[in-house]
Structures are given as C-alpha cells and as structure tokens.
Amino acid sequence: MEKIQRILNYEHSYIVESMERAGGMVLYWSAHTKVLQVQHTAFTLEAHIEDQSSSSDWWMVGIYASCD
C-alpha cells in the first residue's frame, strides 16, 4: 500500500489491514485535503472531512462487502 501511495503521490494514508487473506482497505489523501478524523470497522472506512472552501464538513464512508 505504501508503494502505491508513493506512485500516486499522496501524502497521507489510513490502512485497514486484511483479515487473513481477504479484505483490507486504504484511504489516501493529499496535503490540501483536511481530514479531521478517520475510523473503521471490519467492513467500513469512515473519514470526517472539512471542506475549507465552503466552511462545511462531511463524512465519507467506504464499505467493503459482498455484492450478493
């Protein structure tokens, strides 16, 4: 994941390790993005982000789950 982060030229990352051989998630962001908080569960990755241009904040939620 760190190699990919360098290739994509992102300054920050938050990695959720895989469980045995399955799963795992990563969130990358650049220096101009203000991430206030990152948290995760076994199947979600959540980031609280501040939008400085509009003086607002919002949550990004990524879900790792089966399509079935």
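About the criteria used
Residues numbered from 1 in each chain as written. Predicted model: local features only at pLDDT ≥ 70, side-chain atom pairs only at ≥ 80, totals over all residues. Heavy atoms only, no water. Pairing = 2+ DSSP bridges. Helix = DSSP H or I, 4+ residues; strand = E, 2+ residues; numbered from the N terminus. Axes fitted to C-alpha atoms, helices over the stretch in contact; angles between N-to-C directions. Buried < 20%, exposed > 50% of the residue type's maximum accessible area, 1.4 Å probe, protein only. Lys, Arg positive; Asp, Glu negative; His and termini not counted. Salt bridge = Lys/Arg side-chain N within 4 Å of Asp/Glu carboxyl O. Polar contact = N/O pair within 3.5 Å; in protein donor to acceptor, adjacent residues only side chain to side chain. Contact = heavy atoms within 4.5 Å.

Strand order across the open sheet formed by three strands is β3-β4-β5, with antiparallel pairing between neighbours. Two strands in the sheet have a free side with no partner beyond their single neighbour: β3 (34-40) and β5 (56-63). Taken over all neighbouring pairs, the strand axes of this sheet differ in orientation by 15 degrees on average, direction set aside.

Moving on, we get to the side chain of E46. Looking at where E46 falls in the secondary structure, it is placed in strand β4 (residues 44-51). Look at E46: it is buried, it has no salt bridge, and the nearest opposite charge is K34 at 19 Å. Within polar-contact distance, the side chain of E46 engages the side chain of T44 at 2.9 Å. Residues contacting E46, with those up to four places away along its chain left out, are Q37, V38, Q39, T41, W59, M60 and V61.

Locating T44 in the fold gives a position in strand β4. A distance of 2.7 Å separates a polar atom in the side chain of T44 from a polar atom in the side chain of T41. Apart from the residues within four sequence positions on either side, T44 is in contact with M25, Q39, G62 and I63.

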